[in-house]
Amino acid sequence: MTDGVLIGIDAGTSVIKSVAFTVTGEQIAAAAIPNRYQTFPDGGAEQDMARTWTDTAATLKELSGKVPNLRERLIAISVTGQGDGMWLIDKAGDPVAPAWLWLDARSAAITEDFVAGPHHAAHYRRTGTGVNACQMSMQLVWMTRNRPDLLARAATAFHCKDWLYFKLTGDRRTDPSEANFTFGQYATRNYQPDVLDVLGAPDAKSLLPEIVDGVQVAGALTADAAALTGLKAGTPITLGYVDVLCTGLGGGLYDPKGETGCTIVGSTGMHMKIAPGAQHVKLNAELSGYTMCFPVPGMYAQIQSNMASTLNIDWLLDVGRDVLAMQGVERSRGDLLEGLDGRIMKAKPARAIYHPYISQAGERGPVMEPAARAMFTGLELGMGFAGLMRSVFEGLCFASRDCYSAMGDIPREVRVTGGAARSQALRVILASVLKAPVRSVQREEAGAAGAAMMAAVQQKLYPGMDACVAQWVNPLLGAVTAPDPSLTARYDGAFGLYKETRERMRPIWRAMAANRAS
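Residues numbered from 1 in each chain as written. Predicted model: local features only at pLDDT ≥ 70, side-chain atom pairs only at ≥ 80, totals over all residues. Heavy atoms only, no water.

Scanning the protein for helices and strands turns up 19 helices and 23 strands. A globule of 518 residues ought to have a C-alpha radius of gyration of about 24 Å, and the protein, at 23 Å, matches this closely. Out of the 518 residues belonging to the protein, those deemed buried represent 59%. Taken as a whole, the protein presents about 19,800 Å² of accessible surface, with 53% of it coming from carbon and sulfur. Distance from the positive charge centre (50 side chains) to the negative charge centre (51 side chains) of the protein: 3 Å. (Helix = DSSP H or I, 4+ residues; strand = E, 2+ residues; numbered from the N terminus. Rg over C-alpha atoms; globule rule 2.2 N^0.38 Å. Buried < 20%, exposed > 50% of the residue type's maximum accessible area, 1.4 Å probe, protein only. Areas by Shrake-Rupley, 256 points an atom, 1.4 Å probe, with all protein chains shown as cover. Lys, Arg positive; Asp, Glu negative; His and termini not counted. Charge placed at Lys NZ, Arg CZ, Asp CG, Glu CD.)

Quick look at the structure:
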């Protein structure tokens, strides 16, 4: 079907999007609704499940008004969404409670106790993933101890995309990526039955849905969902992998030899590389990072994420805006970014070292340190705004190298996506810190594209993911940004100091956290 259409749904933390693509990967149209969630003083972060579905359905219906004859041209829909969290439904398929998001911190104390205990290392070897409070497994433990009444009413525990897939198809299923890094054995790509026994929530095992691979299996749009969206009942629906993997797939991560990396420079920093087989997975002494099944047979994505990436840039921009506002001058972040790239490149390199731990949740990649906080080391007179921002850019790039180093060798080439990937200064600094060429990917909606690519392969529009990547991704790769030889040696030395300072600061960060708590 040459005029056929594929839709990728990406239900993120900030925005719910449905994006229409041609079978060759060109984006046709998009519809988006801002997401909403609530936070609470006890660390809770919850989202209304019913509204999430109606908002998603509304974006699909909106696409019908943007894409001519969409109902008849639509080949398949694939859905991805924000990772971790807990979306519980009962036997009738209704929500038991609002969804717990990955931002929810109520299980933090339970998680810290488990990480400090005797079973964490074995859990890490099974799942390939460090334990975090954001994961459904730890949230189920909290629920077991504190709200067993809710668990008693629950029949199935979903993640976000699983809930939407259920509302589209009526099928209670999850995908290999989230099922395995939370509850499974990555080498077998299946559940590890005793994971929840060890964690202390054995009864929750009955809530785990069937695992299906969206590149092989499709459900069908129900009559109810068709009526709500304006689409045709029976339309194939594929369950995508978690959003970060779909973003990596659409952003150029896939490489059959496992030599390419992908960095997402967003609110958080995600750093990914492919392991061509289970034997190539490299675990680390910090017991940190994620190992996720990749939507290609036998392949895995290893991921390290630093908690805050562009949030550090936003923080410094807002400091500048606050200073101007005190003088009655109103400027946006975009105003301050104009011409900043050039000024950053004129500032002296590695004059100060910045650790980009601006998140109040601390850091988790590659070090697991909730008490970590951002800091400049080595400030001196004469450093202006551009010099400080250069240090922030360098700190983000040091964090990237820190994360890649925990997963083995630095990739031979790194594809970079996310809002800050448009910065030439950032790409030059990143290439020079990593000592590897960098390319940006000119794909506006990489997560939705990655989900749609899975549907394209499942529907046999391509013989495999290699052919699909060649059509959907490779033509969108930008020019290579090579390392700057005048910077690489200097950044080598600065990176060593970055790591040493981080380690020496850990007891001080913890003392500061205790002081704040008192």
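Turning our eyes to something else, we now look at helix α18 (residues 465–472). Each α-helix turn comprises 3.6 residues. Residues three or four places apart therefore point the same way. Considered for burial, the residues of α18 that qualify are Met465, Cys468, Val469 and Trp472. Mapping the buried residues of α18 onto a view down its axis gives an arc of 100°, with all of them on the same face. Against the buried residues of α18 lie β1 (5–11), β2 (15–22), α11 (243–250) and α17 (446–458). (Arc of directions from axis to C-beta. Contact = heavy atoms within 4.5 Å.)

This next bit is on the nonpolar core. Core analysis: the biggest nonpolar cluster contains 51 residues, and Phe294, Ile303, Met465 and Trp472 have the highest contact counts within it. Per-element accounting of this core gives the leading share, 9 residues, to α17. If we ignore the near neighbours within four places in the chain, the residues touching Met465 are Val215, Leu249, Tyr254, Pro295, Val296, Met453, Met454 and Val457. Ranked by size, the runner-up nonpolar core spans 47 residues in total, among them Leu317, Leu340, Leu388 and Ala421. (Core = buried A, V, L, I, M, F, W, Y, C linked by side-chain atoms within 4.5 Å.)

Let us look at empty space enclosed by the protein. Across all of its chains, the model carries 5 cavities of 30 Å³ or more by this definition. Of the voids in this model, the largest cavity is the one considered here, and its volume is about 80 Å³. As for the largest cavity, its lining consists of Thr263, Ile264, Val265, Gly269, His271, Asn306, Ser309, Leu396, Cys397, Ser400, Leu426 and Leu430. Among the secondary structure elements, those contributing two or more residues to the lining of the largest cavity are β16 (260–265), β17 (269–275), α15 (385–405) and α16 (424–434). Among the residues making up the lining of the largest cavity, the classes are represented as 6 nonpolar, 6 polar and no charged. (1 Å grid on protein atoms, 1.4 Å probe; cavity = no way out; pocket = protein on both sides within 12 Å on 5 of 7 lines; lining within 4 Å. Points joined across faces, edges and corners; volume = space filled by probe spheres on them. Nonpolar A, V, L, I, M, F, W, Y, C, P; charged D, E, K, R; others polar.)

Before going further, it helps to spend a moment on the sheet that holds strand β19 (residues 300–306). Strands sit in the order β18-β19-β17-β16-β22-β23 across an open sheet of 6 strands; the sheet is mixed. With one partner strand each, in any of the chains shown, β18 (290–293) and β23 (438–440) form the two edges of the open sheet. Here the average twist between neighbouring strands, direction ignored, is 25°. Sheet topology places β16 next to strand β22 (residues 413–417); 5 bridges connect them, and they run parallel. Within β22, the residue paired with Ile264 across the bridge is Thr417. (Pairing = 2+ DSSP bridges. Axes fitted to C-alpha atoms, helices over the stretch in contact; angles between N-to-C directions.)

In contact at an axis separation of 10 Å, α15 and helix α19 (residues 485–517) are set at 75° when each is read in the N-to-C sense. One way to sum up the angle between α15 and α19 is to call them roughly perpendicular. Listed contacts from α19 to Arg390, Glu394, Gly395, Phe398, Ala399, Arg401 and Asp402 of α15 are Leu487, Tyr491, Asp492, Ala494, Phe495, Tyr498, Lys499 and Arg502. A class-by-class count of the residues in the contact of α15 with α19 yields 7 nonpolar, 1 polar and 7 charged. (Parallel < 35°, antiparallel > 145°, perpendicular 65-115°, else oblique.)

Let us look at the packing of helix α12 (residues 310–326) against α15. Relative orientation of the contacting elements α12 and α15 amounts to 165°, with a least axis distance of 10 Å. Judged on the interaxial angle alone, α15 and α12 are roughly antiparallel. For the element pair α12 and α15, the recorded crossing hand is right-handed. In this structure, α12 uses Asn312, Ile313, Leu316, Leu317 and Gly320 to contact α15, whose residues at the interface are Phe385, Leu388, Met389, Val392, Phe393 and Leu396. (Left-handed = near helix turned anticlockwise from the far one by under 90°.)

Now for the layout of surface pockets. Of the voids in this model, the second largest pocket is the one considered here, and its volume is about 200 Å³. If one sorts the elements of the lining of the second largest pocket by residue count, β17 sits on top with 3 residues. When the residues that make up the lining of the second largest pocket are grouped by side-chain class, the tally is 6 nonpolar, 3 polar and 5 charged.

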